[in-house]
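# A closer look at the structure
Below are the chains, spelled out letter by letter.
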Amino acid sequence: MHLHGTSKKNELGHLEIGGVDTTELAKQFGTPLYVYDVALIKERARSFKKAFENMGVKAQVAYASKAFSSIAMFQLAKEEGLSLDVVSGGELYTAIKAGFPAEKMHLHGNNKSREELKMALEHGVGCIVVDNFYEIDVLDELYVDGERKIPVLLRVTPGIEAHTHDYITTGQEDSKFGFGLLNGQVERAIEKVLASKAFHLLGFHCHIGSQIFETQGFVLAAERVFEKIKEWKDRFSYVPEVVNLGGGFGIRYTEEDAPLPATYYVEKIVEAVQKQVKELSMEMPEIWIEPGRSLVGDAGTTLYSVGSQKEVPDVRKYVAVDGGMTDNIRPALYEAKYEAALANRMNDKEEEKVSIAGKCCESGDMLIWDIALPSVKPNDLLAISCTGAYGYSMANNYNRIPRPAVVFVEDGEAQLVVKRESYENIIVNDIPLKSKVVK
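Moving on: the nonpolar core. Grouped together as the largest cluster of nonpolar side chains are 93 residues, with contacts concentrated most on Tyr-63, Ile-128, Val-296 and Phe-408. Ile-128 has contacts with Leu-107, Lys-112, Leu-117, Ala-120, Leu-121, Leu-139, Ile-150, Pro-151, Val-152 and Leu-153, leaving out every residue within four places of it along the chain.

Counted as a void, the second largest pocket has a volume near 410 Å³. As for the second largest pocket, its lining consists of 17 residues, and the residues nearest its centre are Thr-254, Lys-337, Tyr-338, Ile-368 and Trp-369. Those elements giving two or more residues to the lining of the second largest pocket turn out to be α11 (330–334) and β18 (366–373). Residues that form the lining of the second largest pocket fall into these classes: 9 nonpolar, 2 polar and 6 charged.

Below, the discussion takes up the packing of aromatic side chains. Tallying each qualifying case throughout the model produces 14 aromatic pairs. When the ring of Phe-204 is compared with that of Tyr-238, the centres are 6.1 Å apart and the planes differ by 85 degrees; the resulting orientation is edge-to-face. Taken together, the residues span a long stretch of sequence, with Phe-204 in strand β11 (residues 199–205) and Tyr-238 in the loop between α8 (216–236) and β12 (242–244) at a distance of 34 residues. Since its relative accessible area comes to 2%, Phe-204 is described here as buried. Of the residues examined, Tyr-238 reaches a relative accessible area of 10% and is grouped as buried. Ring centres 6.4 Å apart and planes at 70 degrees place the aromatic pair Tyr-318 and Trp-369 in the edge-to-face group. Taken together, the positions of Tyr-318 in strand β15 (residues 316–321) and Trp-369 in strand β18 put the pair 51 residues apart, joining distant regions of the chain. An aromatic cluster of at least three residues, connected via ring pairs, comprises Tyr-34, Tyr-36, Phe-68, Tyr-392 and Phe-408.

This part takes up helix α6 (residues 133–142). Three or more residues of α6 are buried, namely Phe-133, Glu-135, Ile-136, Val-138 and Leu-139. Packed against the buried residues of α6 are α5 (114–123), β8 (127–130), β9 (150–157), β10 (179–180), α7 (185–195) and β11. Sitting at the head of α6, Asn-132 places a side-chain oxygen 3.4 Å from the backbone nitrogen of Tyr-134.

Okay, unusual backbone geometry next. Looking along the chain, the bond that leaves Thr-31 and enters Pro-32 is cis, with omega of -10 degrees. Mapping Pro-32 onto the fold places it in the loop between α1 (22–29) and β4 (33–37). The phi dihedral of Glu-335 is positive, around 60 degrees, even though this residue is not glycine. With respect to the element layout, Glu-335 can be found in the loop between α11 and β16 (340–342).

On to the confidence of the model for the chain, then. On average, the chain scores 94 in pLDDT, and the residues at 70 or more come to 97%. A low-confidence stretch, residues 165–169 (pLDDT under 50), is modelled with 13 contacts involving residues beyond four sequence positions or located in other chains.

Rules used throughout
- Per chain, residue numbering runs from 1 following the sequence as it is written.
- Two thresholds apply to this predicted model, a pLDDT of at least 70 for residue-level local features and 80 or more for giving and counting side-chain atom pairs, whereas whole-chain, interface and lining totals are computed over all residues.
- Computation of side-chain values covers all heavy atoms of the structure but excludes hydrogens and water.
- In plain words, nonpolar cores are sets of buried Ala, Val, Leu, Ile, Met, Phe, Trp, Tyr and Cys residues tied together by side-chain atoms within 4.5 Å.
- Exposure is judged per residue with a 1.4 Å probe applied to protein chains only, and the accessible area is read against the type maximum: over 50% gives exposed, under 20% gives buried, and values in between give partly exposed.
- In this analysis, two residues are considered to be in contact whenever any of their non-hydrogen atoms come within 4.5 Å of each other.
- Residues are said to line a cavity or pocket when one of their atoms sits within 4 Å of a point; the points come from a 1 Å grid over protein atoms alone, cavities being sets where a 1.4 Å probe fits but cannot get out and pockets being open sets with protein on both sides within 12 Å along at least five of seven lines.
- Grid points are joined across faces, edges and corners, and a volume is the space filled by probe spheres set on the points.
- Think of it this way: any DSSP run of H or I at least four residues long counts as a helix, any run of E at least two long counts as a strand, and we number them from the N terminus.
- Only Asp, Glu, Lys and Arg are considered charged, only Ala, Val, Leu, Ile, Met, Phe, Trp, Tyr, Cys and Pro nonpolar, and every remaining residue, Gly among them, polar.
- Between the rings of Phe, Tyr and Trp (Trp by its six-membered ring), a pair exists once the centres lie within 6.5 Å; its type follows the angle of the planes, with under 30 degrees stacked, over 60 edge-to-face, and the other angles tilted.
- In the analysis that follows, any N or O atom pair within 3.5 Å is treated as a polar contact, provided that within protein one partner can donate a hydrogen and the other can accept it, and provided that, for residues neighboring in sequence, both atoms belong to side chains.
- pLDDT is defined as a per-residue confidence score from the predictor, taking values between 0 and 100.

Listed below in structure tokens is the structure:
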């Protein structure tokens with residue numbers, strides 16, 4: 001297993017993260033357990049921000065919180081000077097409770113409810129990324145004359161398809177997200193927004209996909225958006241203050257992945273925008289990006305305890321752990337691939353090929369197929385790396401299995417930031433059946 005961030009093998013032959021022995025974490029907090037390397041998150045956040053500073057460009061780096069949301073995570077993002085991308089009332093509420101400054105929040109989503117939009121306005125979020133005509137109409141109705149105009153970006157679909165799994169590609173023309181850039185929808189949206197006294201049109205937003213390992217898609221998206229900006233400059237006498245080119249920067253899950261440094265993505269995006277701005281003789285807009293996975297993905301490791309094993313002669317050996325698709329549904333959804341190691345026996349030689357099965361009553365509950373490990377024993381501690389994005393945030397209670405705890409580790413200290421669910425938590429919203437009165 002590739003060791004990310006501060007992860008290393010310690011003198012006991014155990015996996016250590018953030019200066020803390022993972023076997024001690026398992027003893028203290030139980031398993032399954034999400035462990036986050038805080039130093040690596042900080043390093044990534046600072047590298048994105050520093051890249052913009054080095055390019056001399058005004059920018060916002062907004063953490064795409066759908067990757068992993070919690071009060072502690074939002075407070076960490078605040079400490080690192082990040083903005084925040086939220087996509088629901090629940091994420092917005094969590095950010096408010098975390099004390100995150102509302103003026104640095106951006107509300108996304110393709111079907112924001114009236115209640116969510118009203119909540120965003122009441123708290124004064126810095127920007128609403130408008131996704132459709134329905135939202136324009138609702139915001140127009142909610143606007144109170146004389147109050148601050150509603151700052152908005154219009155989300156556009158630029159017709160650029162990133163080289164990623166179909167399920168996580170959002171930038172192509174046929175998408176549930178945004179206004180079509182090539183079919184006249186954006187022009188109609190611009191007209192509606194500019195004609196209303198309710199809005200302050202900051203600019204435009206696009207997002208071309210996820211887990212992207214090259215920069216050409218971002219360059220092409222910028223070129224296509226600015227081709228239209230040239231038209232809008234002439235037609236509407238409008239130029240954007242902000243251009244948001246989204247996120248989707250890839251990370252290394254396995255040796256098949258070859259991500260680029262954060263600075264390289266930023267440099268190519270800035271260079272592409274600078275070229276377009278120069279050709280149009282307009283002022284350089286503020287550039288926003290939205291890293292999520294690339295901030296927290298490989299900073300997260302999930303620890304599991306090994307349980308039963310099953311040998312299918314001449315086929316494979318199954319090793320079951322105490323978690324599965326309830327804490328990491330990505331393998332079932334996307335056929336996502338991961339690396340793993342025995343955290344309590346990091347020095348032992350690989351002796352067998354096994355497949356890691358989850359404990360859910362579902363044949364598709366498989367975390368890893370065919371991985372080489374030392375001879376696995378019951379109660380071994382299995383670590384699966386790069387689970388920091390879309391693990392906890394997509395966790396579920398299938399089979400009424402409680403969701404795991406979350407721990408932050410840094411400088412030899414561990415901090416519990418999300419408690420493990422109990423069985424009582426599972427039934428807290430259940431209402432008993434009313435018995436009929438027998439006469």
